[in-house]
Amino acid sequence: RVRVDKDAAGSVIARIVALVEEASATKAPTQLFVEKIEQRYSVGVVVATLALFGLPVALGADVTEALLRAMTFMIVASPCAVVLATMPPLLSAIATAGRHGVLVKSAVAMERLGAVDRVALDKTGTLTEGTPKVTAVHGDDAALALAAAAELPSEHPLARAVVAEARARGLELPEASDFTAEPGRGVRAVVDGREVRVRRAAGTHADTAVEVLVDGSAAAVLDLSNRLREGAPEAVAALARLTGTTPALLTGDNAGAAARIAAEAGLTDVRAGLLPHEKAEAVREWERAGAKVLLVGDGVNDAPALAAAHTGIAMGRAGSDLALETADAVVVRDELRAIPAVVALSRRARRLVVQNLVLAGTCIGALVAWDLAGHLPLPLGVAGHEGSTVLVGLNGLRLLRDSAWRQA
Ligand code: ADP
Ligand code: MG
């Protein structure tokens, strides 16, 4: 029997897709700045046009000639190309990223992504596969069944692994009540009238290990495999090239498991055993030192750090709803290699914005100077003005091409 209590459109992913679709209504900081200046600039253009007509006529110049010059000035000095410089590259980049499985929630996020200069990665579910497996049960099946029953309501990848193992052994899972999850630590629930806790095993282990406590006494230790995601070393290397610093690993897991995964992925800066607020604190520490941190995570325990970071990316499949909601972008199919690619794409978009602003400014400057100092024919002024506007627009749309999505 299945009870559906929410529409499919209410899922987190569906809401994020809607956000991305509405991204064209969001404005990048550069665009807001341009628009603020543009308002005053436009008033200035109108005043200058009136002066350019009024003054020479008052001084006895030919009315037709003065009118023509003033009108030409108004056309070529208009900031159409400047206004069109920012949004087409960023929106094209959002569309291209979306086609390649990265949902960037807004133009602001797209502009920010390219500014990051330090990357921190979560381990479980981010660098490692979202579906770990139980490799050994040091204890009996009864303890495993209790652990699985307690883990059943949890969204954590390790929880799903424990449940899968119990089911694979054909164990009956009793009903659990009073479930509570402590992000970064473990879970607790009452099963068959007994208090069951599943939490990080104390001490150093070569792999991820959780201990099962029943009514406060140790009942079992479960070893869980940590498989690096496909493409993780390549993604780490690409992010290191892009930012000039090797990414760091922030994990709630034990130091042994963290060190092993870090070595496989090519990471050197490892911080293990972190609680959610400690992950956020590590991010804030880097931000205080002037870094712009990109945090990549999946869990509820990553949410504070995702919020503290300059930019956050969540894993779409393994990720918890809270992480997906807090992040600025979501990697839908959990492909790590998409992360350096989207950072590189954002940088390309930012470069195009600058290129466009320079192009637009130069055209306006040259045409205005020509009109004021010499004699710029009106048709040529119109052609120059519209031409530069179209050019700037098309320049931004280049990021729509598939070739704009290159690995960094
Ligand atoms: P990471 O930061 O690497 O993603 P987490 O912070 O999610 O890891 O988890 C840190 C540790 O806390 C895990 O290695 C595990 O020992 C323990 N833990 C967290 N949630 C659970 C859970 N639902 N069941 C069992 N152990 C958990
Ligand atoms: Mg995680």
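The shown structure was predicted, so the numbers you read here are calculated from the model rather than taken from an experiment.

Asker: Give a detailed account of the sheet that holds strand β13 (residues 329-331), specifying residues and quantitative values.
Answerer: Within the open sheet, the seven strands sit side by side as β1-β13-β12-β11-β2-β9-β10. Their pairing is mixed. The two strands at the open ends of the sheet, each matched to only one other strand, are β1 (102-104) and β10 (269-271). If you compare each strand with its neighbour and ignore which way they point, the axes differ by 20 degrees on average. Bridge count for strand β2 (residues 118-122) against strand β9 (residues 248-250) is three bridges, and the pairing is parallel. Bridge pairing links alanine 120 to alanine 248 in β9.

Asker: Explain empty space enclosed by the protein to me, and be specific about the residues and the numbers.
Answerer: Applying the stated rule across the entire model yields two cavities of 30 Å³ or more. There is about 40 Å³ of room inside the largest cavity. Forming the walls of the largest cavity are Glu155, His156, Pro157, Asp298, Gly299, Ala318, Gly319 and Ser320. The residue makeup of the lining of the largest cavity, split by class, is two nonpolar, four polar and two charged. Within this model, the second largest cavity holds a volume of roughly 30 Å³. For the second largest cavity, the full set of lining residues is Leu121, Leu127, Ala232, Ala235, Val236, Leu239, Leu336 and Ile339. Ranked by the residues each element gives to the lining of the second largest cavity, the list is headed by helix α10 (residues 232-243), at four residues. Classifying every residue of the lining of the second largest cavity gives eight nonpolar, no polar and no charged.

Asker: An account of the nonpolar core is needed here, citing residue identities and associated values.
Answerer: Soluble, globular proteins show a tendency: their nonpolar side chains are buried together. Ranked by internal contacts, the top residues of the largest apolar core, which has 71 residues, are Val104, Met110, Leu127, Leu294, Ile313 and Val342. If you tally residues by element for this core, the top one is helix α15 (residues 338-373), at nine residues. Aside from chain neighbours lying at most four places away, what touches valine 104 is Val20, Ile94, Ala97, Ala109, Met110, Leu113, Asp328, Ala329 and Val342. Ala148, Val198, Val214 and Leu224 belong to the second largest nonpolar core, which has 28 residues in total.

Asker: An account of the site of ligand 1 is needed here, citing residue identities and associated values.
Answerer: Residues in close proximity to ligand 1 total 21 residues, the closest being Asp122, Glu151, His156, Thr251 and Asn301. In the environment of ligand 1, a nitrogen atom lies 2.5 Å from a nitrogen or oxygen atom belonging to the side chain of glutamate 151. Compared with its free state, where it exposes 550 Å², ligand 1 has 98% of that area covered by protein. Because more than half of its atoms lie within 2 Å of the grid, ligand 1 is assigned to the largest pocket. Counting residues per element, the ones that place at least two in the shell around ligand 1 are α7 (123-127), α9 (157-168), β5 (186-191), β6 (194-200) and β7 (208-214). In terms of residue class, the shell around ligand 1 is built from five nonpolar, nine polar and seven charged.

Asker: I'd like a rundown of the packing of helix α3 (residues 63-77) against helix α16 (residues 378-397), residues and numbers included.
Answerer: In contact at an axis separation of 9 Å, α3 and α16 are set at 5 degrees when each is read in the N-to-C sense. Viewed along their axes, α3 and α16 adopt a mutual orientation that is roughly parallel. Here α3 contributes Leu68, Thr72, Ile75 and Val76 to the contact with α16, which in turn contributes Leu378, Gly381, Val382 and His385. Looking at the contact of α3 with α16, its residues break down into five nonpolar, three polar and no charged.

Conventions and cut-offs
- Every chain begins its residue count from 1, and numbering advances along the sequence as written.
- Whichever chain is written first is A, and whichever ligand is written first is 1; the rest continue in order.
- Only residues with pLDDT of at least 70 are given local features in this predicted model, and only at 80 or more are side-chain atom pairs given and counted; all residues enter the totals for whole chains, interfaces and linings.
- Side-chain calculation: all heavy atoms of the structure are included, whereas hydrogens and water are not.
- For two strands to be treated as a pair, DSSP must find no fewer than two bridges joining them.
- Each helix corresponds to a stretch of at least 4 residues labelled H or I by DSSP, and each strand to a stretch of at least 2 residues labelled E; elements are numbered beginning at the N terminus.
- Angles run from 0 to 180 degrees between N-to-C directions of axes, and those axes are lines fitted to C-alpha atoms, restricted for helices to the stretch in contact.
- With a 1 Å grid spanning the protein atoms alone, the term cavity applies to any set of points in which a 1.4 Å probe fits but cannot get out, the term pocket to an open set with protein on both sides within 12 Å along at least five of seven lines, and the term lining residue to any residue with an atom within 4 Å of a point.
- Grid points are joined across faces, edges and corners, and a volume is the space filled by probe spheres set on the points.
- Residue type decides the class: Asp, Glu, Lys and Arg count as charged, Ala, Val, Leu, Ile, Met, Phe, Trp, Tyr, Cys and Pro as nonpolar, and the leftover types, Gly among them, as polar.
- Buried Ala, Val, Leu, Ile, Met, Phe, Trp, Tyr and Cys residues form a nonpolar core when they are joined through side-chain atoms within 4.5 Å.
- Each residue gets one of three labels from its accessible area relative to the maximum for its type: buried under 20%, exposed over 50%, partly exposed in between, using a 1.4 Å probe on protein chains only.
- The contact rule is simple, with two residues in contact once any of their heavy atoms fall within 4.5 Å.
- A single heavy atom is enough: if one lies within 4 Å of a molecule or strand, its residue is considered near that molecule or strand.
- Pairs of N or O atoms within 3.5 Å make up the polar contacts considered here, provided that, within protein, one atom can donate a hydrogen while the other can accept it, and that residues adjacent in sequence are counted only when both atoms are side-chain atoms.
- Surface accessibility follows the Shrake-Rupley procedure with a 1.4 Å probe radius. Residue values consider only the protein chains on display as shielding.
- Pocket or cavity membership: a molecule qualifies when more than half of its atoms sit within 2 Å of the grid points of that site.
- Note on terminology: angles under 35 degrees are roughly parallel, angles over 145 are roughly antiparallel, angles of 65 to 115 are roughly perpendicular, and the others are oblique.

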